[in-house]
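Structural features, examined
Residues per chain are reported as follows:
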Amino acid sequence: MHRTPLVPRRVGTAVPPVRAAFVVLLLAVVVVAGARLVLAAGGMQVMGMAEYSTLIPIVGAALLPLRLTLILGLTNLVVGIVAYGILLPSMSHASRITVITALAASILVSLAVCRTRIAMERRLKGLMVARDRLTLLSEASTRVGGTLDVARTAEELAEVAVRRFADHAAVDLFDPVLKGEEPAPGPHAGPVTLRRAARRSVPAALAAASADGGTVTYCRGSMPALSLLRGVPVHGQFPDGADGEECWPADPDGTGTKAPHSALAVPLRARGVTLGAALFTRSRHRDPFDAADVLLAQEIAARAAVCVDNARRYTHERATSVALQRSLLPQVVPPQPAVQAVARYLPADVGVGVGGDWYDVIPLSGARVALVVGDVVGHGIRASAAMGRLRAAVRTLADIDLPPDELLTHLDDIVIRLQSETCPTPTGGAEDAAEADVGEFVATCLYMVYDPISRRCTAARAGHPPPAVVHPGTCARFLDVPAGPPLGVGGLPFETAEMHLPEGSLLALYTDGLVEAPRYCLDERLERLLQALSEPKPTLQDTCDHVLDRLVVDRTRDDIALVIARTQALDDRHTVAWELLDNLAEVARARDLASLQLAHWGLPEAAFLAELVVSELVTNAIRYGGSPVQLRLIRHDTLICEVSDGAHTAPHLRRARTFDEGGRGLFIVAQLAERWGTRQQSDGKTIWAELALPPATVPTPAPALATL
């Protein structure tokens with residue numbers, strides 16, 4: 001295909017010949033008419049009329065270009081010679097010389113006046129152009145880069161360039177840039193495919209018809225491709241009738257002019273990386289781009305490129321923080337025998353960044369569950385990393401069944417240790433001190449444990465908002481949980497509150513981002529939360545969505561974590577307990593009790609494993625623990641065997657030697673059970689083991705058998 005040639009810009013503005021001829025003819029008519037008036041006024045003073053003839057070129061010098069002023073002056077001189085030198089024979093020879101000399105002098109004066117006027121106009125025009133360019137630079141500095149969104153920054157660049165600088169502006173970026181990633185390194189020789197990030201045109205109707213987001217391809221050798229390859233602006237003109245298909249890319253939506261009158265392509269480069277290109281065009285009613293326009297466009301594009309790169313870097317950091325935080329949070333809330341729970345997490349908006357909010361639903365021994373909500377002060381990747389550390393610590397402490405107040409005490413020590421690890425060392429410099437973010441490891445936390453068998457809930461909080469509860473048939477209220485200090489303060493105790501929760505009670509745990517909002521009182525926001533929870537909804541998901549709709553007014557402030565749980569109860573159909581004597585003969589009785597109960601529950605397939613586990617646990621409790629000894633079976637999705645005794649010494653799993661007579665009990669239990677562990681109580685300890693039930697459908701469990 002034939003390449004469309006580019007024509008260099010024409011210097012100056014030529015007057016059309018027809019218009020110039022018309023102006024000269026008109027001026028000649030005016031001068032001749034003036035001469036006729038002179039001849040008609042024969043009785044008047046001739047020298048007085050000649051004075052008016054000298055004003056004609058001087059007045060023309062104030063209105064016409066230099067060439068037309070010279071033509072007007074010469075025409076006036078010719079008419080004056082004819083009128084005063086030939087047509088008026090009564091004039092004296094001295095008067096004729098005086099008049100003609102004055103007319104000739106008026107030509108010189110008019111030329112000087114015209115040159116001075118044109119110089120002043122050019123200077124004034126230059127000052128106005130310079131002022132307009134400075135205004136455009138100032139507007140670009142203030143309007144471009146107002147947000148940390150890549151697409152919006154590109155739109156701001158296009159909006160600034162249209163009208164003041166170009167009739168059409170488009171910003172094309174590489175796909176990785178819009179996603180916050182690093183673009184491919186150059187050189188970009190073409191063909192190059194980019195994404196149309198922004199486009200604006202004059203008139204506004206054309207801009208409204210455009211569709212951003214389409215792909216556009218720069219052919220090899222086209223102006224945008226050359227600008228990307230060389231890293232410098234490329235500009236030129238298209239001759240009349242040229243389509244410009246090889247020199248200028250077509251709009252991705254098929255609208256706009258394919259062959260502009262004058263075009264300019266500027267690469268967007270920041271920190272040595274090419275992010276895309278800015279394209280500007282002008283129609284035929286405006287002057288083509290010149291060298292000064294290229295420098296101006298290059299300056300605007302350089303500033304905009306830095307803003308685009310800042311937005312790209314922030315997008316990358318925020319995407320990394322969101323991915324890190326979401327990977328640290330539970331993706332789904334697994335079903336629990338104690339509660340039905342749903343959770344929502346809303347990260348902060350782009351302007352603030354991801355924070356350190358987290359939530360968790362942790363299964364505990366004895367079919368209990370722990371509900372956790374926490375918040376690390378700060379935003380960004382460090383807050384997300386600190387949140388991951390604290391969440392892992394909470395899960396580890398929850399596995400050893402610590403009470404809520406003791407768990408928060410240990411968690412407070414962990415936060416203080418993390419603070420000391422991030423503090424600048426005494427030998428560190430000012431740079432190390434500036435980079436240390438000690439405040440990011442200050443956190444708040446709410447920890448609750450619910451037992452579906454006793455229906456008791458214990459809770460403690462460290463600087464966190466209180467949880468809300470809705471009992472069946474009542475309105476929502478806040479639980480009276482003593483407010484402890486935030487994690488990381490140290491030296492202050494935490495207190496635990498206990499309460500009884502009827503089956504079907506609704507618990508709401510949340511972070512401060514849900515109830516804190518600018519221009520709103522905290523008490524009003526808390527009252528609105530209670531009102532939203534008091535309005536019944538069909539499902540827990542609907543309740544979560546309703547609470548968020550009622551309270552979320554500003555996503556730019558802080559992250560939001562919300563957990564809503566409905567309590568369940570395990571009655572006599574799901575659990576049974578027996579008291580055992582401190583005698584090894586009770587081991588056989590415990591096996592028989594477990595076997596009969598499983599048969600009554602319709603689980604004869606699980607009887608063999610359950611008898612082995614119960615036999616080993618009861619034997620260890622009687623031999624090493626002492627009275628009181630209790631055996632409890634809990635049946636839900638799994639079978640839980642618990643044996644309690646009066647000793648506080650926790651057993652340890654070890655590998656017995658070949659000739660050892662004991663030490664294999666817990667090893668056998670660990671091999672047969674899905675999970676096992678111990679928990680301390682005020683009157684002893686409990687060893688528990690969780691067994692998987694057969695996949696076959698089992699009938700509805702009947703009430704527990706009476707003690708044998």
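Our structure's up above, just so we're on the same page.
What counts and how
Residues numbered from 1 in each chain as written. Predicted model: local features only at pLDDT ≥ 70, side-chain atom pairs only at ≥ 80, totals over all residues. Heavy atoms only, no water. Helix = DSSP H or I, 4+ residues; strand = E, 2+ residues; numbered from the N terminus. Buried < 20%, exposed > 50% of the residue type's maximum accessible area, 1.4 Å probe, protein only. Areas by Shrake-Rupley, 256 points an atom, 1.4 Å probe, with all protein chains shown as cover. Salt bridge = Lys/Arg side-chain N within 4 Å of Asp/Glu carboxyl O. Phe/Tyr/Trp six-rings, centres within 6.5 Å; stacked < 30°, edge-to-face > 60°. Lys NZ or Arg CZ within 6 Å of the ring centre and 35° of its normal. Pairing = 2+ DSSP bridges. Axes fitted to C-alpha atoms, helices over the stretch in contact; angles between N-to-C directions. Patch = residues over 30% accessible without salt bridge, like charges linked within 9 Å, V, L, I, M, F, W, Y side chains within 5 Å. Contact = heavy atoms within 4.5 Å. 1 Å grid on protein atoms, 1.4 Å probe; cavity = no way out; pocket = protein on both sides within 12 Å on 5 of 7 lines; lining within 4 Å. Points joined across faces, edges and corners; volume = space filled by probe spheres on them. Nonpolar A, V, L, I, M, F, W, Y, C, P; charged D, E, K, R; others polar. Core = buried A, V, L, I, M, F, W, Y, C linked by side-chain atoms within 4.5 Å. Parallel < 35°, antiparallel > 145°, perpendicular 65-115°, else oblique. Left-handed = near helix turned anticlockwise from the far one by under 90°.

1. With respect to the overall build of the chain
Summing up its helical and strand segments, the chain has 17 helices and 22 strands in all. Expressed as a percentage of its 708 residues, the buried residues of the chain come to 46%. Taken as a whole, the chain presents about 34,200 Å² of accessible surface, with 58% of it coming from carbon and sulfur.

2. Describing the pattern of salt bridges
Tallied over the entire structure, the rule returns 27 salt bridges. Of the charged contacts, one joins Asp175 and Arg195 as a salt bridge, the two residues approaching to 3.1 Å between their closest N and O atoms. Pair noted here: Asp175 is in helix α6 (residues 175-178) and Arg195 is in strand β2 (residues 192-201), with a separation of 20 residues, a long-range link. Arg368 serves as the salt-bridge partner of Asp401, at 2.5 Å between the closest nitrogen and oxygen. Highlighted residues: Asp401 in the loop between α10 (381-399) and α11 (404-422) and Arg368 in the loop between β8 (355-363) and β9 (369-379), separated in sequence by 33 residues. Look at the salt bridges and you will find they share partners, linking Glu139, Arg143, Arg152, Glu155, Glu156, Glu159 and Arg200 into a network.

3. Digging into the packing of aromatic side chains
Going through the model one piece at a time under the given rule, you end up with two aromatic pairs. Both rings, one in Phe165 and one in Phe280, keep their centres 5.4 Å apart while their planes meet at 85 degrees; by these two values the pair is edge-to-face. With Phe165 in the loop between α5 (150-161) and β1 (168-173) and Phe280 in strand β6 (residues 273-282), this pair connects stretches of sequence that are 115 residues apart. In terms of burial, Phe165 and Phe280 fall into one category: buried. Taken together, Phe165, Phe280 and Phe289 form an aromatic cluster joined through their ring pairs. For Arg282, the ring lying beneath its charged end belongs to Phe165, and the centroid distance is 5.3 Å. A cation over a ring is seen here: Arg525 above Tyr520, with NZ or CZ 5.7 Å from the ring centre.

4. Observations concerning the sheet that holds strand β5 (residues 262-270)
Hydrogen bonds between backbone groups are what pair the strands of a sheet, and the pairing can be parallel or antiparallel. Strand order in the open sheet made by the six strands is β3-β2-β1-β6-β5-β4, with antiparallel pairing throughout. Every interior strand has two partners, whereas the edge strands, β3 (215-218) and β4 (234-237), have only one. The sheet shows a mean angle of 30 degrees between the axes of neighbouring strands, taken without regard to direction. Across six bridges, the pairing between β1 and β6 is antiparallel. Counted as the bridge partner of His168 is Thr281 from β6.

5. Comments concerning the pairing of strand β17 (residues 560-567)
Of all eight residues making up β17, seven are buried, and the element is well covered by its neighbours. Here eight bridges tie strand β7 (residues 339-346) to β17, and the two strands are oriented antiparallel to one another. Along β17, the bridge assignment pairs Ala341 with Ala565. Looking at chain direction, strand β16 (residues 506-510) and β17 are connected through five bridges and run antiparallel. Bridging across to β17, Tyr510 finds its partner in Leu562.

6. Observations concerning a nonpolar patch on the surface
Together, Leu55, Val59 and Leu63 make up an exposed nonpolar region whose accessible area comes to about 300 Å². With respect to the element layout, Val59 can be found in helix α2 (residues 46-61). Judged by its relative accessible area of 49%, Val59 is partly exposed.

7. Let's talk about the side chain of Thr543
Looking at the element boundaries, Thr543 is found in helix α14 (residues 540-551). With residues near it in sequence (within four places) discarded, Thr543 still touches Leu506, Leu533, Lys537 and Ile564.

8. Considerations on the layout of surface pockets
Considered as a void within the structure, the second largest pocket measures approximately 750 Å³ in volume. Lining the second largest pocket are 30 residues, and of these Arg368, Asp451, Arg679, Gln680 and Gln681 sit closest to its centre. Of the residues forming the lining of the second largest pocket, the biggest block, four residues, is contributed by strand β10 (residues 443-451). Each residue belonging to the lining of the second largest pocket can be placed in one class, and the counts come to nine nonpolar, eight polar and 13 charged.

9. Notes on the nonpolar core
Counting 56 residues, the largest nonpolar core has Trp358, Leu371, Leu408, Leu411, Tyr447 and Met448 as the members making the most contacts within it. The next biggest cluster of nonpolar side chains, apart from the first, holds 54 residues, and it includes Val160, Phe165, Ala169 and Val216.

10. Regarding unusual backbone geometry
Along the chain, Ser627 connects to Pro628 via a cis peptide bond; the corresponding omega equals -5 degrees. Unusually for a residue other than glycine, Arg271 sits at a positive phi of about 55 degrees. As for its position among the elements, Arg271 is in the loop between β5 and β6. Look at Asp401: it is not a glycine, yet its phi comes out positive at around 55 degrees.

11. Concerning the sheet that holds strand β21 (residues 675-681)
Across the sheet, five strands lie side by side as β18-β19-β20-β22-β21; this open sheet has antiparallel pairing. With partners counted over all chains shown, the strands left at the sheet margins are β18 (575-580) and β21, one partner each. The average undirected angle you get between the axes of adjacent strands in this sheet is 15 degrees. For β18 and strand β19 (residues 629-635), the ladder comprises six bridges, and the chain directions are antiparallel.

12. Topic: the environment of Val99
Looking at the secondary structure, you find Val99 in helix α4 (residues 93-143). Taking relative accessible area as the criterion, Val99 reaches 3% and is therefore assigned buried. Along the backbone, Val99 and Ser53 are 46 residues apart, and their C-alpha atoms lie at a distance of 9.1 Å.

13. Examining the packing of helix α15 (residues 586-600) against helix α16 (residues 607-625)
Between α15 and α16, whose axes approach to 9 Å, the crossing angle comes to 150 degrees. Overall, the two elements α15 and α16 adopt an arrangement that is roughly antiparallel. Once α15 is placed against α16, the crossing between them reads as right-handed. Between α15 and α16, the contacting residues are Glu586, Val587, Ala590, Arg591, Ala594, Ser595 and Leu598 on the first element and Ala607, Ala610, Glu611, Val614, Ser615, Val618, Thr619 and Ile622 on the second. Looking at side-chain class alone, the contact of α15 with α16 contains nine nonpolar, three polar and three charged residues.

14. A word on the packing of α5 against helix α9 (residues 291-328)
Describing two packed helices takes the angle between their axes plus the distance from one axis to the other. Where α5 meets α9, the axes come as close as 8 Å, and the angle between the chain directions of the two elements is 165 degrees. On the basis of their axis angle, the class for α5 and α9 is roughly antiparallel. For the pair α5 and α9, the crossing hand works out as right-handed. Contacts from Val150, Thr153 and Leu157 of α5 reach α9 at Ile300, Ala304, Cys307, Val308, Ala311, Arg312 and Thr315. Partitioned by chemical class, the residues of the contact of α5 with α9 number seven nonpolar, two polar and one charged.

Shape descriptors only; they carry no functional weight alone.
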